[in-house]
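Residue-level structure breakdown
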2 protein chains.
Amino acid sequence: MITYNLTDTGPDSLYEYLCKCMKNDILQGTLKAGERLPSKRIFAANLGVSVVTVENAYAQLIAEGYIYSIPKRGFYVTDFNSMVTEQKETVSEETIPMAGGDTSYFADFSSNQTSSDLFPFTIWSKVIREILSDSRVQLMTNSPCGGIYDLRESIAKYLKDFRGMAVRPEQIIIGAGTEYLYGLLVQLLGNDKVYGVENPGYRKLESIYRSFQAPCEWISMDEAGICVPSLEDKGVDIVHVTPSHQYPTGIVMPISRRYELLGWASRKEGRYIIEDDYDSELRLSGQPIPTLQSIDMSEKVIYMNTFTKTLCSTVRISYMILPQKLLSLFYEKLSFYSCTVSNFEQYTLARFIEEGKFEVHVNRLRNHYRRKRDMLLEALKASRMKGKISVSGEEAGLHFLLAIHTKLSEQSVMEHAMSKGIKLVPLSDYYYGETRKQNIYVMNFSSIDVARADEIMERLYKSCN
Amino acid sequence: MITYNLTDTGPDSLYEYLCKCMKNDILQGTLKAGERLPSKRIFAANLGVSVVTVENAYAQLIAEGYIYSIPKRGFYVTDFNSMVTEQKETVSEETIPMAGGDTSYFADFSSNQTSSDLFPFTIWSKVIREILSDSRVQLMTNSPCGGIYDLRESIAKYLKDFRGMAVRPEQIIIGAGTEYLYGLLVQLLGNDKVYGVENPGYRKLESIYRSFQAPCEWISMDEAGICVPSLEDKGVDIVHVTPSHQYPTGIVMPISRRYELLGWASRKEGRYIIEDDYDSELRLSGQPIPTLQSIDMSEKVIYMNTFTKTLCSTVRISYMILPQKLLSLFYEKLSFYSCTVSNFEQYTLARFIEEGKFEVHVNRLRNHYRRKRDMLLEALKASRMKGKISVSGEEAGLHFLLAIHTKLSEQSVMEHAMSKGIKLVPLSDYYYGETRKQNIYVMNFSSIDVARADEIMERLYKSCN
């Protein structure tokens, strides 16, 4: 069995040090692709540390894509070779113009569609075929309003294993996209409540609330995320936040602000937090911070997540997790609605998750995007842009913020860039009212061809000088 | 800790007996809602039985909903308050019969689910396979908000060929079920409008309008359908009708009433008719009457239809056809929404229709149900029920009305029938307010075993005499 000397971990905690050792061995090939790792209990006994230490290390390595787990079987080292081959496939398929980036641009930073060629067609087709042949009765039996139990169960298990969240399947409500679920929430909580959204933030939210005639307030943010006093000032009842990776700033909300927010919610009856965890699976680096949902003891958090980022944007499956009190209200008020996702896709996804295929797929995505992000950031550093920029919010998801220090106006930079085939999206577009910081760009990199990275940076340099 | 004497379990096995004891304590309240149960190991030691016995008992109690488990924490007694809400859910759904026939009945006339064995699994699977292999780029490209163009085009063509309707694909909006589309319509037209629904009618509609805080009025019907003067009296702006085959009375609205209704709509700005054509494909006999949509010259009709009846209720695809004026408003106000149906199913259905497979399937369904209806009606005529009944609304769809002439009360007839394994649904359940006609039953026949027809009629006879 692998073993490490953990007597001197330097400034690192035990689990961080253990992580580093294992990463090193994986990268060196000492731990081989596909190799099964010792069970947590046995490994802990062997190292002379607690099981929790090994658990944390494994969780971190899973989150970073170095290892993966197969339910009931154990932990395995990620196969980097298959990733390389898959990358080759990717390249050959990239010649087919897919959705996402507008191919008339040299680089389109406005598209955040996940690369279509990463969709696991072969496995997905196989699972559909199996479901169509062995689950006919289930396929034809109407789904409960909250969704097929199998799917809710497999999501609950996934959340437990990978996000440390304790959720009962009954709390999970499946719907055809988060937009639909927001609509359900307005119907559940009432359009006489004041809804708060992050500023800058995801503008579509305001459109949805307005469409339901629900009052909506934009709430300022500081470097730790949404400003809690502002929620009080504006009389907000329900606040929508993206704590794992704020859209578009990329801020990861620190634990202190999370508690502050929970404190705000629990001070008054009828206050709720909608925690939108839209791209948490694609955390590329940094420490995981527990979700608001998992530290909420007052039934104030409605957790929301989607498969449109991790699977593909054209399969419309999202879910929300309701606290017990709201769950009863949901069944009382809204259970007359049929579930909006077809049984065929619910059962396919359930099996895809259950059999560990979703996890493998997410690891693959994460590796792919991490590599993409790293290559872009390295190209930035190696370019003439170096010294004229600062990068932030790069720890997760498919975008980071690029602040360009230049005397040119934002408008000029964008026009120059556009004339050179580079489509930029300014952060200022995401602000409502208030003073907008200039020359900060939301760099959605998912559809960027990284082979062009150096040339892109050179063109960017020319655009702001 | 709770404890039981397991020395004499009678005819039961140890675990069955333990189950019964625990159920009893839960129902009596000795074991309280939310109470944590002892761990399996400790409980087994305390009872002096094996862990497997306790495991089996817990598994059984979980399956029956008496207790639930929280991973890593333990087993808890179910909160019966929340169970009651879930029970309510079932009840509210039963008024709109959707679930499959309850097999514990000899004949369940409350279910109108289309038989699952009629779903064209082989062809559907084949089309999915083709789509998955030859349309990958399209599958991964985001759908326009109104739906995939291919699907809208094939629906337009189908409506032209089989319903004589001239519709441009652009006018068709695809959504995950008609319930979702009703919600979109309230957002489009405003919840300050007064919505009118047929009385008796599809009660779920009122729930939807109420959920959107839109005022809803029940409008009386006569033998030709909804009463137009009543629309004026109650200040209705938008009226929902089912002219092809009214639900549940089965009335086919004559052409004169159709024109009267169109006249009402065109007399005032802002009035609209929602024509719900939910089961028109299953017209079994009688003359076809043009849809309101096809005789509407003033852009006042919103046509709505679904594939949940003709394909299966678990594939969630419906559509509406907007008149030009509303279409512009739709794109202006609501085009920020993503389409709620996944590309995979949109493309599969498009090809299924295009290749004529949908038509073949609908013909097959129609023949199947016509045969079923005929056999039931013949059995009625040949039975002792003859002379004591009248049948109406049998020209289309999967139900007809059976009026029974008897001196017994509706309640007694239903109870007697129930005691003989026949589940009846009274028409009076579909009325809101007003005097309800008694002893008329909505006979949903889609899941009835016609081999039992004679025996069913005999039991019915005994129930009302």
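Within each chain, residues carry numbers counting from 1 in the order of the written sequence. All chains are assigned letters beginning at A, and all ligands numbers beginning at 1, according to the order in which they are written. Where local features are concerned, this predicted model is filtered to residues with pLDDT of at least 70; where side-chain atom pairs are given and counted, the filter is 80 or more; whole-chain, interface and lining totals use all residues. Here the side-chain values reflect all heavy atoms present in the structure, with hydrogen atoms and water set aside.

**Focus on the pairing of strand β4 (residues 172-175) of chain A**
Residues and elements named next belong to chain A. Each residue is assigned to one of three classes by its accessible area relative to the maximum for its type, calculated with a 1.4 Å probe on protein chains only: buried under 20%, partly exposed between the two thresholds, exposed over 50%. A helix here means a DSSP run of H or I that spans at least four residues, while a strand means a run of E at least two residues long, and both kinds are numbered starting from the N terminus. Burial along β4 is two-sided: the face carrying Ile-172 and Ile-174 and the face carrying Ile-173 and Gly-175 are both buried. Note on pairing: DSSP must find at least two bridges between two strands before they are called paired. Bridge analysis of β4 against strand β11 (residues 318-321) gives four bridges, and the strand direction is antiparallel. Bridge pairing in β11 places Gly-175 opposite Ser-318.

**Comments concerning the sheet that holds strand β13 (residues 399-404) of chain A**
Residue and element names in this part refer to chain A. On the basis of which strands lie adjacent, the open sheet formed by three strands has the order β12-β13-β15 and antiparallel pairing. Edge positions in the open sheet fall to β12 (389-392) and β15 (440-444), since each of these has one partner strand only. Neighbour-to-neighbour, the strand axes of this sheet turn through a mean angle of 25°, independent of strand direction. Bridge analysis of β12 against β13 gives four bridges, and the strand direction is antiparallel. Bridged to Ser-390 within β13 is Ala-403. Between N-to-C directions, angles cover 0 to 180 degrees, with each direction set by a line fitted to C-alpha atoms, over the stretch in contact for helices.

**Brief notes about the side chain of B:Ser342**
Relative to the helices and strands, B:Ser342 resides in the loop between α13 (324-334) and α14 (343-354). The contact criterion used throughout is that any non-hydrogen atoms of two residues lie within 4.5 Å. For B:Ser342, the residues in contact, after removing those within four places along its chain, are A:Thr314, A:Val315, A:Arg316 and A:Glu345.

**Brief notes about the pattern of salt bridges**
Each salt bridge in this description consists of a side-chain nitrogen of Lys or Arg and a carboxyl oxygen of Asp or Glu lying within 4 Å of one another. All told, the structure shown has 40 salt bridges over all chains when counted by the stated rule. We note a salt bridge from B:Glu170 to B:Arg168, for which the minimum N-O separation is 3.7 Å. A residue is classified by how much of its surface remains accessible, and B:Glu170, at 30% relative accessible area, is partly exposed. Each of the salt bridges in this network shares a partner with another, and the network as a whole consists of A:Lys126, A:Glu130, A:Asp134 and A:Arg351.

**With respect to the domain arrangement of chain A**
Residue and element names in this part refer to chain A. Under the domain assignment, chain A is made up of domain 1 (14-79), domain 2 (107-112 + 360-463) and domain 3 (120-356). Delimitation of the domains relies on an automatic or database domain assignment. Here the C-alpha centroids of domain 2 and domain 3 sit 28 Å apart. Taken residue by residue, the interface counts 27 residues in domain 2 and 27 residues in domain 3. Accessible surface is computed with a 1.4 Å probe, and the buried area is the amount of it that two parts give up when combined, taken over both parts together. Between domain 2 and domain 3, a total of about 2,500 Å² is buried, with carbon and sulfur atoms accounting for 56% of that surface. Together, Glu-395, Tyr-430 and Tyr-432 form the three largest contributors to the area buried by domain 2 at its contact with domain 3, with a combined 26%. Between N or O atoms, a polar contact is any pair within 3.5 Å; within protein, one atom must be a potential hydrogen donor and the other a potential acceptor, and residues adjacent in sequence are included only when both atoms are from side chains. Our count for the contact surface shared by domain 2 and domain 3 stands at 11 residue pairs in polar contact (both at pLDDT 80 or more).

**Observations concerning the packing of aromatic side chains**
Any pair of Phe, Tyr and Trp rings, taking the six-membered ring for Trp, is counted once the centres come within 6.5 Å. Such a pair is stacked with planes under 30 degrees apart, edge-to-face with planes over 60 apart, and tilted for the rest. Scanning the entire structure with this criterion turns up 41 aromatic pairs over all chains. Look at A:Phe330 and A:Tyr331: their rings are 5.7 Å apart centre to centre, the planes differ by 80°, and that puts the pair in the edge-to-face class. Since its relative accessible area comes to 2%, A:Phe330 is described here as buried. Between B:Phe307 and B:Phe358, the ring centres sit 5.3 Å apart and the planes meet at 70°, which makes this aromatic pair edge-to-face. Linking B:Phe307 in the loop between β11 (301-306) and β12 (318-321) with B:Phe358 in helix α15 (residues 357-382), this pair joins segments that are 51 residues apart in sequence. Each member of the pair B:Phe307 and B:Phe358 is classed as buried.

**Comments concerning the sheet that holds strand β1 (residues 36-37) of chain B**
Residue and element names in this part refer to chain B. Spatially, β1-β3-β2 is the arrangement adopted by the three strands of the open sheet, whose pairing is antiparallel. Two strands bound the open sheet, and with one partner strand each, they are β1 and β2 (67-70). In the sheet, β1 pairs with strand β3 (residues 74-77) via two bridges, with the strands oriented antiparallel. Bridging across to β3, Leu-37 finds its partner in Phe-75.

**Description of the environment of B:Glu223**
In this fold, B:Glu223 is placed in the loop between β7 (216-222) and β8 (225-226). Residues B:Glu223 and B:Tyr272 lie 49 residues apart in sequence; the distance between their C-alpha atoms is 22 Å.

**Topic: the interface of chain B and chain A**
Facing the 54 residues of chain B at the interface are 54 residues of chain A. Carbon and sulfur atoms supply 61% of the area buried between chain B and chain A, which totals about 4,900 Å² over both sides. The tally of links from chain B across to chain A stands at zero salt bridges. Those elements that place two or more of their residues in the side of chain B that touches chain A are β2, α4 (80-94), α5 (121-134), α6 (136-140), α8 (178-189), α9 (204-211) and α14 of chain B. In this count, Pro and Cys sit with the nonpolar residues alongside Ala, Val, Leu, Ile, Met, Phe, Trp and Tyr, while Asp, Glu, Lys and Arg are called charged and the others, Gly among them, polar. Tallied by class, residues from the side of chain B that touches chain A come to 25 nonpolar, 19 polar and 10 charged.

**A closer look at helix α7 (residues 149-163) of chain B**
Each full turn of the α-helix corresponds to 3.6 residues, which orients residues three or four apart in the same direction. Residues and elements named next belong to chain B. Expected span of a helix: the number of residues minus one, times 1.5 Å. Compared with the 21 Å implied by 1.5 Å per residue over 15 residues, the 20 Å span of α7 between its first and last C-alpha is a close match. On its buried face, α7 sits against β5 (172-175), β11, β12, α13, α14 and α15. At the C-terminal side of α7, Gly-164 shows a positive phi close to 65°.

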